[in-house]
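Here's the letter readout for the chains.
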Amino acid sequence: IPFFLTVSNHIKFTTAECLKDRKIKTILMAIFHVIAVYASRGFRITTLMMDGEFAPIRSDLAAMKITLNLTAANEHVPQIERQIRVVKERVRATRHSLPFKVIPSLMVIELVYFSIMWLNAFPPKGGVSDNISPRGIVTGVQFDYHKHCKLPFGSYVQAHEEPNPTNTQAARTVGAICLGPTGNMQCSYKFLNLCTGM
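Nothing here was measured: the structure is a model prediction, and the numbers come from that model. (Residues numbered from 1 in each chain as written. Predicted model: local features only at pLDDT ≥ 70, side-chain atom pairs only at ≥ 80, totals over all residues. Heavy atoms only, no water.)

Draft legend 1. Structural context of the environment of Cys18. Tracing the sequence through the fold places Cys18 in strand 2 (residues 14-18). As for Cys18 and Pro2, which are separated by 16 residues in sequence, their C-alpha atoms are 6.0 Å apart. Excluding its chain neighbours within four sequence positions, the residues that come into contact with Cys18 are Ile1, Pro2, Phe3, Ile109 and Tyr113. (Helix = DSSP H or I, 4+ residues; strand = E, 2+ residues; numbered from the N terminus. Contact = heavy atoms within 4.5 Å.)

Given below as structure tokens:
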């Protein structure tokens, strides 16, 4: 499952987006999403350090006044390679704490997002702040333990469901697996419906 992962140099804010393919158009769309996240809080991206694989997008980034700094052949950007390793370790640790032998790809994707959400929730060593998390700096949203830590990833729940029409004998709950908090202000959670797989 391909992901486009970014990490800012000083804030240490990490983003990831699952890619449907590795085409230039898809990668550019992922970059636009990252730029929009930073722009919403007044940050402006001026330089992107990337592998040589991303050379074809240089002109598109130049049109947005972003410098593309490519690595040499057979070389990688050390900061992002280290962050990819950290994310993989977190995903692997959470995956092996689950009681399932096999999990669907949708759950793997949500597990990556879940791991990155918690990486951004705490101030990193070497970041710009010892008190404010990267998520707090870039999005302005801080986590609340009592709201965002109610359910662990992978726990079985009976999620409330509103059948339509409402005066039938249909069940009012559905079996689901928790995919973690969405991270929004309402403290909503995401669930994998065991009947539909969605």
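Having seen the structure, we can now continue with the description.
Draft legend 2. Spotlight on the packing of aromatic side chains. Across all of its chains, the model carries eight aromatic pairs by this definition. Ring geometry for Phe13 against Tyr38: centres 5.9 Å apart, planes inclined by 90 degrees, an arrangement best described as edge-to-face. With Phe13 in the loop between strand 1 (3-7) and strand 2 and Tyr38 in helix 1 (residues 24-39), this pair connects stretches of sequence that are 25 residues apart. Accessibility classification places Phe13 together with Tyr38 in one group, the buried group. The rings of Phe114, Trp118, Phe122, Phe143 and Phe153 are connected pair by pair, giving a single aromatic cluster. (Phe/Tyr/Trp six-rings, centres within 6.5 Å; stacked < 30°, edge-to-face > 60°. Buried < 20%, exposed > 50% of the residue type's maximum accessible area, 1.4 Å probe, protein only.)

Draft legend 3. How the structure looks around helix 1. Spanning 16 residues, helix 1 covers 22 Å between terminal C-alpha atoms, matching the ideal 22 Å at 1.5 Å per step. Taken as a whole, helix 1 has its buried residues at Thr26, Ile27, Leu28, Ala30, Ile31, Val34 and Tyr38. Its buried side turned inward, helix 1 meets strand 1, strand 2, strand 3 (47-50), helix 2 (58-63) and helix 5 (134-139). (Expected span 1.5 Å × (residues − 1).)

Draft legend 4. Representation of the pattern of salt bridges. Tallied over the full model, the rule gives three salt bridges. One salt bridge in this structure joins Glu53 and Arg22, with 2.5 Å as the shortest N-O distance. A residue pair is termed long-range when its members are at least 10 positions apart, and Glu53 in the loop between strand 3 and helix 2 and Arg22 in the loop between strand 2 and helix 1 qualify at 31 residues. Judged by relative accessible area, which is 55%, Arg22 ranks as exposed. Here Glu89 ties to Arg85 by a salt bridge, and the two come within 3.5 Å at their closest N and O atoms. Of this pair, Glu89 and Arg85 both sit in helix 3 (residues 78-95), four residues apart, which is roughly one turn of the helix. (Salt bridge = Lys/Arg side-chain N within 4 Å of Asp/Glu carboxyl O.)

No statement about biological role is implied by the geometric values presented.
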